[in-house]
Amino acid sequence: METESEPYVRLATLRQLHQVVAELNTARSLADTLQTVADGVITGLGYELAAVNLVRPDGDLVVAAVAGSAGAEALMAGRVGSRASWERRLSMGERWGDLCFISHTEGWVLDDDDVPQWHTAGPTPRFPDEWHPMDRLFAPMYTAANGGGELLGVISVDRPRNGRRPGAWGQEALQMYAFQSAIAISNARLRANMQRALVRLEREQQALRASEESFRQAFEYAPSGMAVAEMGGDQHGRLLRTNDALCRLLGRPASGMRRYSFSDLVHPEDIGTLLRTSAEGGRAELRLARRDGTYVWVSLRNSVVADTADGPRFLLTHVEDIEERKRHELQLAHRASHDSLTGLPNSAELRARLGARLCSRPAGSMADAYASSAVLGTDPHDPHGFRPDGNEPFDGLDGFEGGPPPPFDHHVHLVAPADGPADDGSKGLAVLFCDLDGFKSINDRFGHNTGDAVLIEVARRLTSGVRDGDTVARLGGDEFVVLADGLGTADAQDLAVRLRNAIIPPIRVEGRAVRVGASFGIGWASCGMSAEEVLESADQRMYVEKRSRSKANRRAAG
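Since the structure is predicted, the reported quantities are computational estimates derived from the model, not experimental observations.

Engineer: Even after reading the chapter, I still don't get the overall build of the protein, so can you show me in this structure?
Structural biologist: For the protein, the helix and strand inventory stands at 18 helices and 18 strands. Here the protein, with 558 residues, has 46% of them falling under the buried criterion. For the protein, long-range pairs separated by at least 24 residues make up 60% of all intrachain contacts whose partners lie at least 6 apart in sequence.

Engineer: Teacher, can you tell me more about the sheet that holds strand β13 (residues 428–437) here?
Structural biologist: In any sheet, the strands associate via hydrogen bonds between backbone groups, in a parallel or an antiparallel arrangement. The 4 strands are arranged β14-β15-β13-β18 in an open sheet whose pairing can be described as antiparallel. Only two strands of the sheet have a single neighbouring strand rather than two, namely β14 (471–476) and β18 (517–525). Sheet twist, expressed as the average angle between the axes of neighbouring strands with direction ignored, equals 25°. Sheet analysis places β13 next to strand β15 (residues 479–487), joined by 7 bridges and oriented antiparallel. Bridging from a neighbouring strand, Phe 433 pairs with Val 481 of β15. Along the sheet, helix α13 (residues 347–356) contacts β13, β14, β15 and β18; its crossing angle with β14, the most-contacted strand, is approximately 130°.

Engineer: Mind showing me how you'd approach the packing of helix α15 (residues 439–446) against helix α16 (residues 448–464) here?
Structural biologist: A pair of packed helices is characterised by two quantities: the angle between their axes and the separation of those axes. Two elements in contact, α15 and α16, have axes separated by 7 Å at closest approach and are oriented at 145°. Packed against α15, whose contacting residues are Phe 439, Ile 442, Asn 443 and Phe 446, the element α16 presents His 448, Thr 450, Gly 451, Val 454 and Leu 455 at the interface. Of the residues contributing to the contact of α15 with α16, the split by class is 5 nonpolar, 4 polar and no charged.

Engineer: Would you take a moment to explain unusual backbone geometry for this structure?
Structural biologist: Peptide bonds are, in most cases, trans, and in most cases residues other than glycine have a negative phi. Positive phi values are uncommon outside glycine, yet Arg 159 reaches one of about 55°. Mapped onto the elements, Arg 159 comes out in strand β7 (residues 151–160). Phi at Glu 510 is positive, roughly 55°, even though this residue is not glycine. Inspection of the secondary structure puts Glu 510 in the loop between β16 (507–509) and β17 (512–514). Judged by its relative accessible area of 65%, Glu 510 is exposed.

Engineer: Please explain the pattern of salt bridges as it appears in this structure.
Structural biologist: Oppositely charged side chains may form a pair once their charged atoms are brought near each other. In the structure shown here, the tally under the stated rule is 30 salt bridges. Taking the shortest distance from any N to any O, the salt bridge between Asp 270 and Arg 287 comes out at 2.9 Å. With Asp 270 in the loop between α10 (262–265) and α11 (271–276) and Arg 287 in strand β10 (residues 283–289), the pair connects residues that are 17 residues apart, well separated along the chain. For Arg 287, a relative accessible area of 17% corresponds to the buried category. In this structure, Arg 325 and Glu 329 form a salt bridge, with 2.8 Å as the shortest nitrogen-oxygen distance. Linking Arg 325 with Glu 329, this pair stays in helix α12 (residues 323–337), spanning 4 residues, or about one helical turn. Look at Arg 325 and you get buried, because its relative accessible area is 4%.

Engineer: It is not clear to me how the sheet that holds strand β6 (residues 136–142) should be interpreted in this structure. Could you clarify?
Structural biologist: In spatial order, the strands read β3-β2-β1-β7-β6-β5-β4; together these 7 strands make up an open sheet with antiparallel pairing. Where the open sheet ends on each side, the last strands, each with one partner, are β3 (80–81) and β4 (94–96). Here β6 pairs with β7 via 6 bridges, running antiparallel. In the strand pairing of β7, Phe 138 is matched with Ser 156. Along the sheet face, helix α4 (residues 83–90) touches β1 (47–55), β2 (61–67), β3, β4, β5 (99–102), β6 and β7 and points at about 110° away from the line of β6.

Engineer: Looking at this structure, how should I read the side chain of Glu 329?
Structural biologist: According to the relative accessible area criterion, Glu 329 is buried, its value standing at 14%. In this structure, Glu 329 is in contact with Leu 14 and His 18, ignoring residues within four places of it in sequence.

Engineer: Would you take a moment to explain the pairing of β10 for this structure?
Structural biologist: If a strand is regular, its side chains alternate between the two faces of the sheet. In terms of residue burial, β10 counts as a mostly covered element, since 6 of its 7 residues are buried. Hairpin connection between β10 and strand β11 (residues 295–306): a loop of 5 residues separates the two successive antiparallel strands, and Gly 293 in this loop has a positive phi of roughly 95°.

Engineer: I keep staring at the environment of Thr 273 and nothing clicks. Help me out?
Structural biologist: Along the chain, Thr 273 turns up in helix α11. In this structure, the C-alpha to C-alpha distance between Thr 273 and Leu 286, residues 13 residues apart in sequence, is 7.3 Å. When residues no more than four places from it in sequence are discounted, the contact partners of Thr 273 are Ala 284 and Glu 285.

Engineer: Even after reading the chapter, I still don't get the packing of aromatic side chains, so can you show me in this structure?
Structural biologist: In this description, an aromatic ring pair is defined by two values, namely the gap between the centres and the angle between the planes. Taken as a whole, this structure holds 3 aromatic pairs when the rule is applied. On the basis of an interplanar angle of 5° and a centroid distance of 4.7 Å, the ring pair of Trp 96 and Phe 101 is categorised as stacked. Note on accessibility: Trp 96 and Phe 101 belong to one class, buried. In this structure, Arg 89 packs its charged tip against the face of Trp 86, placed 5.9 Å from the ring centre. Just above the ring of Phe 127 sits the side chain of Arg 164; from NZ or CZ to the centre is 4.9 Å.

Engineer: Which parts of the structure should I look at to understand the confidence of the model for the protein?
Structural biologist: A low pLDDT score tells you not to read the predicted coordinates there in detail. The share of residues in the protein with pLDDT of 70 or more is 81%, and the mean pLDDT across the chain is 82. Here residues 366–402 scores under 50 on pLDDT; set against residues more than four positions off or in separate chains, the count is 45 contacts.

Engineer: Just checking my understanding: could you explain the side chain of Asp 435 for this structure?
Structural biologist: By the element assignment, Asp 435 lies in strand β13. At a separation of 3.0 Å, a polar atom in the side chain of Asp 435 contacts the side chain of Lys 546. Ignoring anything within four residues of it in the chain, the contact list for Asp 435 reads Asp 478, Glu 479, Gly 517, Ala 518, Ser 519, Met 542 and Lys 546.

Engineer: Can you help me understand the packing of α16 against helix α17 (residues 489–503) in this one?
Structural biologist: Between α16 and α17, the shortest axis-to-axis distance is 9 Å and the interhelical angle comes to 145°. Considering the relative orientation of α16 and α17, their crossing is right-handed. Facing α16, whose interface residues are Val 458, Arg 461 and Leu 462, α17 presents Leu 499, Ala 502 and Ile 503. In the contact of α16 with α17, the residues fall into 5 nonpolar, no polar and 1 charged.

Cut-offs used in this document
- Think of each chain on its own: its residues are numbered from 1, step by step along the sequence as written.
- Owing to the predicted nature of the model, reporting of local features is limited to residues with pLDDT of at least 70; listing and counting of side-chain atom pairs is limited to 80 or more, with chain, interface and lining totals taken over all residues.
- Side-chain descriptors were evaluated using all non-hydrogen atoms of the structure, hydrogens and water having been removed beforehand.
- Numbering of helices and strands runs from the N terminus; a helix is a DSSP stretch of H or I covering at least four residues, while a strand is a stretch of E covering at least two.
- Burial classes follow relative accessibility: with a 1.4 Å probe on protein chains only, a residue under 20% of its type's maximum area counts as buried, one over 50% as exposed, and anything between as partly exposed.
- In what follows, residue pairs with any heavy atoms lying within 4.5 Å of each other are defined as contacts.
- Paired strands, in this sense, are two strands between which DSSP finds at least two bridges.
- Axis lines are fitted to C-alpha atoms, over the contacting stretch for helices. Their N-to-C directions set the angle, which ranges from 0 to 180 degrees.
- For this classification, the nonpolar set comprises Ala, Val, Leu, Ile, Met, Phe, Trp, Tyr, Cys and Pro, the charged set comprises Asp, Glu, Lys and Arg, and every other residue, Gly included, is treated as polar.
- For this analysis, a salt bridge means a side-chain nitrogen from Lys or Arg found within 4 Å of a carboxyl oxygen belonging to Asp or Glu.
- Between rings of Phe, Tyr and Trp, where Trp is taken as its six-membered ring, a pair exists when centres lie within 6.5 Å; planes separated by under 30 degrees are stacked, by over 60 edge-to-face, and by other angles tilted.
- Geometrically, a charge over a ring is one whose NZ (Lys) or CZ (Arg) sits within 6 Å of the ring centre while staying within 35 degrees of the ring normal.
- For every residue, the predictor assigns a confidence score, pLDDT, that lies between 0 and 100.
- What qualifies as a polar contact is a pair of N or O atoms within 3.5 Å, subject to a donor-acceptor requirement within protein and to the restriction that residues adjacent in sequence count only when both atoms come from side chains.
- In this scheme the crossing of two helices becomes right-handed for a clockwise turn of the near helix relative to the far one and left-handed for an anticlockwise turn of less than a right angle.

Below, the structure written as structure tokens:
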């Protein structure tokens, strides 16, 4: 059975990565942004040392920020490495996507070049993927994705906390972080230029024309979208001016954009986010409508500008396309919560979905009756109102010591149908624990490739046999779990039979037909139970069913 720690570690790392990427755009200056980039490697990516080397106007790279070691910062900060030495480094070693890894076995030739570096002594690695103190890993930052555009700088990292070279997931996370860092540095430079232009606008009328031209250039030719909108009055928020980048992003002409405000273009689910965004210094991530009816994820950043010192004020909005980052986040989240072989929700996601339906208060308590009265819109204190048994009036205060019951918490409590052969007509959340019969012999006889193909086909048949709202998850190995809400006892038994019959037909793999059986145990989720208790109950019933079927088969054979 697969371990559960890896998905949880990936989820935790994803949350940290999401947080440090979000913090990149909160810095107020270029220097703060560079230090935030270095700090993010330490706090979000699991390294103990990081340095940001920024390309200067003359092409050489200066160490602009260091994080993780005061000694390294004192030695390296402000020192310059030549462009030729850096290009030599980036052309050596192994290529991990846009990353460059130089092993200690060949990196010794770089010890005497002019690039600032910091290394500590350490033991020889014991494992092939163990990190050596003289290993080097560089993440170049380009103005375009996939190594395109101009080189802005290089992030150098050292000493992974786990002591090992990063795997594929860690490499992708570092590469995505370097790309987002490049965007943040470019935006910081753009904001610095715009702030200088705005200061000139406020100082004197003589410099106003030159500043307006500088602002126009920055606005029109900015690589990301920008807009100017009215502020205050009846036309508050109406777009007055948009640059080419924003028009291209939304697929709308500039003349057409002047008919809208951002509230007209935002996705209905994100209107609340837009309204909560403050005008001055506000920032939000939301979806805007394209002309073709699709939506694109953007990051909005607002600032207030004045036409003159005492003139009307306008809202300047910087619109950054974050569709790629959102797609990466969704992909990483999907990998962390889904089985890589079958694509089904994994053990962690199954427990999360099951736990979301459970609460610690046992179902069927008097509090549930009180909550039910709130759902029905009746007053439990009204003698002519809700009657739980259909005969006697319900006193909403009976059964509660020390005062009235707690308020309705909007949680739909789960109750397990009565346990027994008869179906009492009640409905609940059925948990079907499935264990494949004969799968091990297929794995042993035909190999893991055949076994994987069988698991994929079983996952497909299970998914095809349930409703759209049901969950089919792979718990690990040859064990699957189905969550099906709104079923009675007979319904759950019928579903188990249908799914077993769907699995039994032969599965063709590489020209041969193989068969597996399935044993199902039916458990019921009920408030007051934990997710582990629910799964354990279904697991035990599955083994009871497996043993009873085995005995029946032996009697039939005898």
